[in-house]
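If you want the building blocks of each chain, they are given just below.
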Amino acid sequence: MQDYFKRRCLGDEYGKSERIFQKYKEEYNKNQKAIDNVIHTYAGVQLRIECSNIMKRQGHNEPIGQAKITSAYNLPSKYIIHTVGPMIFNKVMKKDCDALESCYRSCLLLADENKAESIAFCCISTGEFRFPNNVAAELAIRTVKNYKQKTGSKIKVIFNVFTEKDYQIYSKMLVNK
């Protein structure tokens, strides 16, 4: 499981993503409440237009736990895979855990269908969506492991973290797996 974890952004193997990651992190800390806003900002207006067109075509908001794929435009990757995670209002329920697992599976499936060699996950539904970081990390790691075992997928998975707290959580969990 240790090979699943790297402190990088967007799966760029040439170091460019470290600079982008730092820029995102600074922007996230200063101005933005959700990483989604930062990604849309740096990808460029083309991404907002493509997402708007997708929403118009489907005629409704994206359901929780499903995913869509778009071009990455100005980011150093080929695609962006979008998912809507569950928002926690009181305590975490089984349906919230199921929905979060579905987010990861849906993203992995889309990545595989589009022959992506790697995928970088941010900590889906933590932060503004209030999913407890440790529970979300456990679900993410387990879902990725199960998906890869069941499908035989060779996709490289990167858990991208923005806080020291998440770094510690993922490091500890991945070493113990």
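Calculation rules
Along each chain, residues carry numbers from 1 onward, in the same order as the chain's sequence is written. The predicted origin of the model limits local features to residues at a pLDDT of at least 70 and limits the giving and counting of side-chain atom pairs to 80 or more, whereas totals for whole chains, interfaces and linings rest on all residues. For the side-chain quantities, the full set of heavy atoms in the structure was used; hydrogens and water were omitted. Under the scheme used here, helices are H or I runs from DSSP no shorter than 4 residues and strands are E runs no shorter than 2 residues, and both carry numbers assigned from the N terminus. Burial classification: accessible surface area is computed with a 1.4 Å probe over protein chains only, and a residue below 20% of its type maximum counts as buried, one above 50% as exposed, and the rest as partly exposed. Throughout, a residue-residue contact means that at least one pair of heavy atoms, one from each residue, lies within 4.5 Å. Surface exposure here means Shrake-Rupley accessible area, sampled with a 1.4 Å probe, where a residue is shielded only by the protein chains that are shown. Here, the term disulfide refers to a pair of cysteine sulfur atoms separated by no more than 2.5 Å.

Digging into the overall build of the protein chain
When you go through the protein chain residue by residue, the secondary structure sums to 6 helices and 4 strands. Out of the 177 residues belonging to the protein chain, those deemed buried represent 43%. Put simply, 60% of the contacts in the protein chain that link residues at least 6 apart link residues at least 24 apart. For the protein chain, the accessible area works out to roughly 9900 Å², and carbon and sulfur atoms hold 51% of it.

Concerning the side chain of S125
Relative to the assigned elements, S125 resides in the loop between strand 3 (118-121) and helix 5 (133-151). Classification of S125 by relative accessible area gives buried; the value is 7%. Filtering out sequence-adjacent residues up to four positions away, S125 remains in contact with G85, P86, L100, R130 and F131.

Quick word on the state of the cysteines
Inspection of every chain in the model, using the stated rule, returns 0 disulfides. Cysteine C107 remains unbridged, with the sulfur of C103 as its closest cysteine sulfur at 6.6 Å.

Remarks on unusual backbone geometry
Positive phi is not limited to glycine here, since Y73 has a value of about 55°. Among the structural elements, Y73 can be located in the loop between strand 1 (67-71) and strand 2 (79-83).

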